[in-house]
Structure formats: C-alpha cells, structure tokens
Amino acid sequence: MANFAEENFDKIQKSLFSEDESELEKLSERDKRIRQRYLVAFTAWLDNPTYTDKQMLNFITRQFGVTARQAFRDLGVIKVMLGNVRNSGKEWYRHVVIQMCQEAYNLAKKRNDAKAMALAADKLGKYTRCDQLEAEALPWDQIIPPS
C-alpha cells in the first residue's frame, strides 16, 4: 500500500511542476482531484500566509468536503511537495516591514524631521540586519573530515 501511495505522490508532484501536458494525462481522475485539492489549498495559503495549520485544515475540509483526517494528510503532503508556506509568510512580513520603514523615512524626510528619519533608519537597519556583523565565511576547503 505504501508503494502505491509513493507512486501516486510522485506522479502528482511531477504533474504539478511539469509544463508537459502528458504528465497530467498520466493521472487517473482520482489523482486529478487530489492534485486540484493541493493546488487550491496551496494557492489559498499563499494568498493568506498567516493561516495556521488548523485554519488550512478547516479550509480544505470546507472547500472539498473531505474528512478532517484526509485534510490532515493533504496538508502534510502539501508541505512536503511545495515547501513550508510559513517561511514565505515570514518573508512577506519582512518585506512589508521594510516597506513601512522606507515610507516612514521618506515621510520624515519630506517633513524635514531628523529625529523621525533617524528612528526609521534605525528600524530599517534592524529589520534588514544591517546592524549585525557578518559572519566570516568558513574555510570549507581547509576542513578535513575525520576518517
């Protein structure tokens, strides 16, 4: 049974990332429905990166009428196939914070408010980690693994 699931996993994953239409034709109708669930759920998660796993489980069960157990399995597969969305959510918030800091800086500059400019620049430096020293690169060519 596990071998069957692995085969389907591989076929569905290949069809998600392939531009070749023949990959989609290799899927059974059941596999196409599963693939559609994965696509819709992942897109919803990208649109709402702050959704928790529980919110995604509720979304999948409501949207597709599947059991909570199936939604849980789908969510696990989605995370494996398409990566952890939470990391992209964190990157999105980092982007938003940086944009806000830049807007605050520009507004302060427009008003000629040196104190507000300094505060905005300080926050921008913090969130872009410009205030931290960069770690030295490891000399990978000099590291000898133990025998």
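Residues numbered from 1 in each chain as written. Predicted model: local features only at pLDDT ≥ 70, side-chain atom pairs only at ≥ 80, totals over all residues. Heavy atoms only, no water.

In terms of helices and strands, the protein carries seven helices and zero strands. Along the protein, helices and strands appear, N-terminal first, in the series α-α-α-α-α-α-α. Burial status across the protein gives 23% buried among its 147 residues. For the protein, restricting intrachain contacts to residue pairs at least 6 apart in sequence, the fraction spanning at least 24 positions comes to 45%. (Helix = DSSP H or I, 4+ residues; strand = E, 2+ residues; numbered from the N terminus. Buried < 20%, exposed > 50% of the residue type's maximum accessible area, 1.4 Å probe, protein only. Contact = heavy atoms within 4.5 Å.)

With that settled, consider helix 3 (residues 29-47). Along an α-helix, residues three or four apart share an orientation, since each turn contains 3.6 residues. For helix 3, built from 19 residues, the straight-helix expectation of 27 Å at 1.5 Å per residue is met to within 8% by its first-to-last C-alpha distance of 27 Å. Among the residues of helix 3, those classed as buried are D31, I34, R35, R37, Y38, A41, F42, A44 and W45. (Expected span 1.5 Å × (residues − 1).)

In this fold, H95 is placed in helix 6 (residues 85-110). Of the residues examined, H95 reaches a relative accessible area of 38% and is grouped as partly exposed. Through-space distance from the C-alpha of H95 to that of Y127 is 9.4 Å; in sequence the pair is 32 residues apart.

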